[in-house]
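Structural overview for review
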Amino acid sequence: MLRWWKISLSSRTKLILLAVVALMLPTTILSIIQYRSLVDLESKTKVAVQDNLRQTLQTINHKVEDNLKYLARKTLGSIEKADFEPEGFEKLDRYFAAIKLKHPEIENLFVFWLCEPKDKSFALAYTNDGLKRIGASQLKENPDANMAYWAFENAHATRISTDVKSEYLFWQTSSQESMNKPGRQFQEFIFRILPCSDGKDSTAFAGLSLKPSYIQETFLPHIIPELLRSCDIDDRDSALALGIFDETSNEVYTNRTKWGDYELKSSFGPAFPRWKIAVGYKDTTIEALAKDNFQKNLMLTLFVLSLLVLGIILTLRATSREMKLAQAKSTFVSNVSHELKTPLALIRLFAETLELGRVKSTEKAQEYYRIINNESRRLTQLINNILDFSKIEAGRKEYEFQEMDVAEVVEEVIRSYEYQIVNAGFELATDIGHDLPPASIDRDAISQAVLNLINNAVKYSDEDKKINVRVRARDSFVAIEVTDTGIGIPRSEQEKIFEKFYRVSTGLVHNTKGSGLGLALVKHIVEAHKGQITVESAPGKGSKFTLLIPASAASVKTKEVKFDGGYKVAESPNN
């Protein structure tokens, strides 16, 4: 079975199979692994985005807390326990008045003395009516002081339960708890703890309350965009949406312009412990964001994979071409060896016959001389083709252009090879004009091109052996036409026959020995003369090759070349 595989498969097929196994299979496996990695990355992207949003909320919470603490430090930081003595009340009254004047956002200021003994406890509340001392028994009769004391108790209880050792505490009342204040929705309190000197679990504290209008209309609209920018997010152009909700889920603040669901919601503490802060995207969701990221990565992966596959295909194509070229060169050496051996064998045979004196008649000797002469010419043409092709490949081919009559050159070629053509059984017809304009040509090169076309007509004709050579003026060109009634060339092969070493793979064309250089040389010669070559052919109907050589006196740029159908093989950029 293995032996059959080695015999049946061509080198090209083996190369393709090897490429599939060695390149395409690993590429496919890597593609599958990459796709699964992208799917895994999509789920991780969701988690990463959620963590990023969560960190953004935590950063905003801390920044808001720090901002309010800074306000408390500026206003309450200089209050000392000595200010609680009766002789310090007047000083405290002036101090609170100065603070209210400098910070109009502050609604009330107060201090509470809750140290032992409890019956000596009191509060100092600074409102629009000035500083007022409130005894422990009168606390419930003063709404402002009573609300502040109740807020501190809640904030202090929260501090104990969370075990947070902070000098400043925050609390806010709800709208229900502030019903005794007409038009009041909530109150925001900030407290500074002042421990008593007796070391017991008793506390004194100073505090302030902020105006609700300031929180909603000034503080939040100013600080939130600023904090978003500090988190490397341009709030003005960002797709990030942020909202703040009170305890009844009413939206207190938002920066979004469109309605949509928030992705994450958490407590807005410690600064606003009864509120919630939420974050999401204005025009998308985490799910859509992760999917979009997955699609972009997938497109990039497909693009890279496409480049890789394209590179593999181009490599295989180039390798296949090199293998074809190597095979063509091998065939070329074989065919050339055969073509060289045939005329050499004939020359040697008839030369030995003449040398040994075995020819009895003068006519027979003359026939042998002609055969030797024809075969030597054939040998010379083959060698010239090989040498010229070698010079062309090395870029050393040179042409000697002279103005001369193209018809004269063609007639000379026909006279030199007419006997050989007729002796091969061909009917040769010529139609050569003698009033043609001169052309700048290399005589030997044009002769070689015409001879190659005639030889091809001889080689690739079957039973109907007719060759017609026609030379006529056509527009600004001299046209040399070589027509035969041979086997013809399929349309799909007509472009390829001018490639070096290329030979049609089926039929008589393939079976006839040849070097595969003749038409490649013809094409190069025509292009060197800034001309064109066309072919008109069909299987079973013969072929017509036309060489268009620019006339010397013609303005090549003013006229367009006309040709009767066929495939235009070469055209100089100067024409």
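That block above? That's the structure.
Basis of the calculations
- Residues numbered from 1 in each chain as written.
- Predicted model: local features only at pLDDT ≥ 70, side-chain atom pairs only at ≥ 80, totals over all residues.
- Heavy atoms only, no water.
- Helix = DSSP H or I, 4+ residues; strand = E, 2+ residues; numbered from the N terminus.
- Buried < 20%, exposed > 50% of the residue type's maximum accessible area, 1.4 Å probe, protein only.
- Contact = heavy atoms within 4.5 Å.
- Areas by Shrake-Rupley, 256 points an atom, 1.4 Å probe, with all protein chains shown as cover.
- Salt bridge = Lys/Arg side-chain N within 4 Å of Asp/Glu carboxyl O.
- Core = buried A, V, L, I, M, F, W, Y, C linked by side-chain atoms within 4.5 Å.
- Pairing = 2+ DSSP bridges.
- Axes fitted to C-alpha atoms, helices over the stretch in contact; angles between N-to-C directions.
- Expected span 1.5 Å × (residues − 1).
- Polar contact = N/O pair within 3.5 Å; in protein donor to acceptor, adjacent residues only side chain to side chain.
- Arc of directions from axis to C-beta.
- Phe/Tyr/Trp six-rings, centres within 6.5 Å; stacked < 30°, edge-to-face > 60°.
- Patch = residues over 30% accessible without salt bridge, like charges linked within 9 Å, V, L, I, M, F, W, Y side chains within 5 Å.
- Lys, Arg positive; Asp, Glu negative; His and termini not counted.
- Charge placed at Lys NZ, Arg CZ, Asp CG, Glu CD.

Across its full length, the protein chain carries 11 helices and 18 strands. When the 575 residues of the protein chain are sorted by exposure, 43% land in the buried category. Once local pairs closer than 6 in sequence are excluded, the contacts in the protein chain between residues at least 24 apart make up 66%. Carbon and sulfur atoms make up 52% of the accessible area of the protein chain, which totals about 32100 Å².

Within this structure, the stated rule accounts for 15 salt bridges. Between Glu-65 and Lys-69 there is a salt bridge; the shortest N-O distance is 2.9 Å. Linking Glu-65 with Lys-69, this pair stays in helix H2 (residues 11-76), spanning four residues, or about one helical turn. Of the two residues, Glu-65 and Lys-69, neither departs from the other in class, the shared state being buried.

Glancing now at the nonpolar core. General note: in soluble globular proteins, nonpolar side chains tend to be found buried as a group. Residues Val-64, Leu-220 and Ile-244 are the most contacted members of the largest nonpolar core, which totals 55 residues. Residue contributions to this core peak at nine residues, all from H2. Beyond its immediate stretch of four places on either side in the chain, Leu-220 contacts Ile-215, Pro-225, Ile-244, Val-252, Tyr-253, Phe-268 and Trp-275. Among the nonpolar cores identified, the runner-up in size contains 42 residues, and Val-450, Ile-480, Val-526 and Leu-547 belong to it.

This brings us to the sheet that holds strand S7 (residues 240-245). Taken in spatial order, the four strands of this open sheet run S8-S7-S10-S9, and their pairing is antiparallel. For this open sheet the edge positions go to strand S8 (251-254) and strand S9 (264-268), each flanked by a neighbour on one side alone. When the angles between neighbouring strand axes are averaged without regard to direction, this sheet yields 25°. Summarising the sheet, S9 and strand S10 (residues 272-281) pair through five bridges and their orientation is antiparallel. For Lys-265, the partnering residue across the bridge sits in S10 and is Ala-278.

Helix length check: helix H4 (residues 143-162) (20 residues) gives 29 Å between terminal C-alpha atoms against 28 Å at 1.5 Å per residue, within 8%. The opening residue of H4, the one whose side-chain oxygen lies 3.2 Å from the backbone nitrogen of Asp-144, is Asn-142.

As a further point, take helix H3 (residues 89-102). For H3, spanning 14 residues, the distance from its first C-alpha to its last is 20 Å, which sits close to the expected 20 Å at 1.5 Å a residue. Taken together, the buried positions of H3 are occupied by Phe-89, Leu-92, Phe-96, Ile-99 and Lys-100. Buried residues of H3, viewed axially, fall in a sector of 95°; they line one side. Turned more than 90 degrees from where H3 packs its buried face, Glu-90, Lys-91, Arg-94, Leu-101 and Lys-102 sit exposed.

What follows is about the packing of aromatic side chains. Following the criterion strictly, the structure yields 19 aromatic pairs and no others. Considering the side-chain rings of Phe-350 and Tyr-368, the 4.6 Å spacing of their centres and the 45° angle between planes classify their relative orientation as tilted. Pair noted here: Phe-350 is in helix H6 (residues 286-355) and Tyr-368 is in helix H7 (residues 362-394), with a separation of 18 residues, a long-range link. On the numbers, 6.1 Å between centres and 35° between planes, the contact of Tyr-399 with Phe-401 is tilted.

Glancing now at the sheet that holds strand S6 (residues 203-210). Read across the sheet, six strands follow the order S3-S2-S1-S6-S5-S4 without closing on themselves; strand pairing throughout is antiparallel. Each edge of the open sheet is held by one strand with a lone partner, namely strand S3 (130-135) and strand S4 (168-173). On average, adjacent strands in this sheet sit at an angle of 20° to one another, irrespective of strand direction. Taken together, the six bridges between S4 and strand S5 (residues 187-195) define a ladder with antiparallel strand orientation. By the bridge assignment, Phe-170 is partnered in S5 with Ile-190. Most of the contacts of H3 go to strand S1 (residues 106-113), to which it runs at about 155°, and overall it touches S1, strand S2 (122-127) and S3. Packing against the sheet, H4 makes contact with S1, S2, S3, S4, S5 and S6, and its axis sits at approximately 120° to S4.

So, about the pairing of strand S14 (residues 466-474). In this sheet, S14 lies alongside strand S12 (residues 427-432) in parallel orientation, the contact comprising six bridges. Looking at the pairing, Ala-429 lines up with Asn-468 of S14. The turn linking S14 back onto strand S15 (residues 477-484) is made up of two residues, and Asp-475 within it adopts a positive phi angle of 55°.

The next subject is a positive patch on the surface. Positive charge collects at one region of the surface, where Arg-317, Arg-321, Lys-324 and Lys-496 lie side by side. By the element assignment, Lys-496 lies in the loop between S15 and helix H10 (507-511). You can call Lys-496 partly exposed: its relative accessible area is 37%.

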